[in-house]
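# A look at the structure
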Amino acid sequence: MKIGIGYDVHKLVENRDLIIGGVKIEHEKGLLGHSDADVLTHAIMDSILGALSMGDIGRHFPDTSDEFKDVSSIKLLEKVYESMNNKGYKIGNIDSVIVAERPKMAPFILDMRTIIAKTLKTSIENINIKATTSETLGYEGREEGISSNAVCLITKK
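Owing to the predicted nature of the structure, the values given are computational and were not obtained by experimental measurement.

Cut-off values and rules
Residues numbered from 1 in each chain as written. Predicted model: local features only at pLDDT ≥ 70, side-chain atom pairs only at ≥ 80, totals over all residues. Heavy atoms only, no water. Helix = DSSP H or I, 4+ residues; strand = E, 2+ residues; numbered from the N terminus. Expected span 1.5 Å × (residues − 1). Contact = heavy atoms within 4.5 Å. Polar contact = N/O pair within 3.5 Å; in protein donor to acceptor, adjacent residues only side chain to side chain. Pairing = 2+ DSSP bridges. Axes fitted to C-alpha atoms, helices over the stretch in contact; angles between N-to-C directions. Parallel < 35°, antiparallel > 145°, perpendicular 65-115°, else oblique. Left-handed = near helix turned anticlockwise from the far one by under 90°. Nonpolar A, V, L, I, M, F, W, Y, C, P; charged D, E, K, R; others polar.

Taking 1.5 Å as the rise per residue, helix H3 (residues 73–86) with 14 residues should run 20 Å; its terminal C-alpha atoms sit 20 Å apart, in good agreement. As for H3, its buried residues are in contact with helix H1 (39–51), strand E5 (89–99), helix H4 (109–119) and strand E7 (145–156). Measuring from the side-chain oxygen of the N-cap residue of H3 to the backbone nitrogen of isoleucine 74 gives 3.2 Å; that N-cap residue is serine 72. Residue glycine 88 follows H3 closely and has a positive phi angle near 85°.

Along the chain, glutamate 101 falls in the loop between E5 and H4. Side-chain polar atoms of glutamate 101 contact the backbone nitrogen of serine 134, separated by 3.4 Å. Engagement of the side chain of glutamate 101 in a polar contact is seen with the backbone nitrogen of threonine 136, the distance being 3.2 Å.

A separate point is the sheet that holds strand E4 (residues 30–31). Paired through their backbone hydrogen bonds, the strands of a sheet run either parallel or antiparallel. An order of E4-E1-E7-E5-E6 is seen for the five strands of this open sheet, with the pairing classed as mixed. Strand pairing shows two members of the sheet lacking a second neighbour, E4 and strand E6 (127–132), which therefore form its edges. In this sheet, E4 lies alongside strand E1 (residues 2–13) in antiparallel orientation, the contact comprising two bridges. Within E4, the residue paired with leucine 12 across the bridge is leucine 31. Against the sheet, H1 contacts E1, E4, E5, E6 and E7, and its axis sits at roughly 155° relative to E1.

Between H1 and H3, the shortest axis-to-axis distance is 10 Å and the interhelical angle comes to 15°. Viewed along their axes, H1 and H3 adopt a mutual orientation that is roughly parallel. Crossing geometry of H1 relative to H3 is assigned as left-handed. Contacts between H1 and H3 involve Thr41, His42, Ile44, Met45, Ile48 and Leu49 from the first element and Ser73, Ile74, Leu76, Leu77, Val80 and Met84 from the second. Looking at the contact of H1 with H3 residue by residue, the class counts come to nine nonpolar, three polar and no charged.

These figures come from the coordinates and say nothing about function on their own.
Laid out in C-alpha cells, this is it:
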C-alpha cells in the first residue's frame, strides 16, 4: 500500500467555464489554466502520481504542450489511471477538499464523486470530497481563486 498527496490552485477569471471534479458549474467566473483548470481533478491526479513515485501532472501533461490545451482533466485522469493500472495498483481510497468561497459545492459533490469513481474504476464509496470556505480570508476568501487538496491510498491488485 502507498499514499500520495496532491494540491492545486487556479485563478478565477471571467469568460471561462468553471469545471470542478468533471462537473460544469454555472458561475460568473471560471478557472484559468492551460487545460480546463479543474483543481479537484488535478489534486487527485497529483496524489495518485505521488503514490506511484511518478512526479506530478506538470511532468506528464506540461502546460507548454498544445496537446493539453483546453483538454478535459477527466481525460488526463484516465491516463493517470492507466499508469496506475499498468503498475499493478488500484485505488484504496481518496479523500479530498475543495476550498472556495463561492459557489457552494455541496449540490455538485455526488456528481463529482460519481465521475471520478467511474474514471478510476472504483466504488464511489472510495471517493470522498469535502468542500469548505476560507471564511473570507486569503485568495479563496476574496474569490480570486479556488484550491484543492487530495490524499490517495493505493494498493496492489
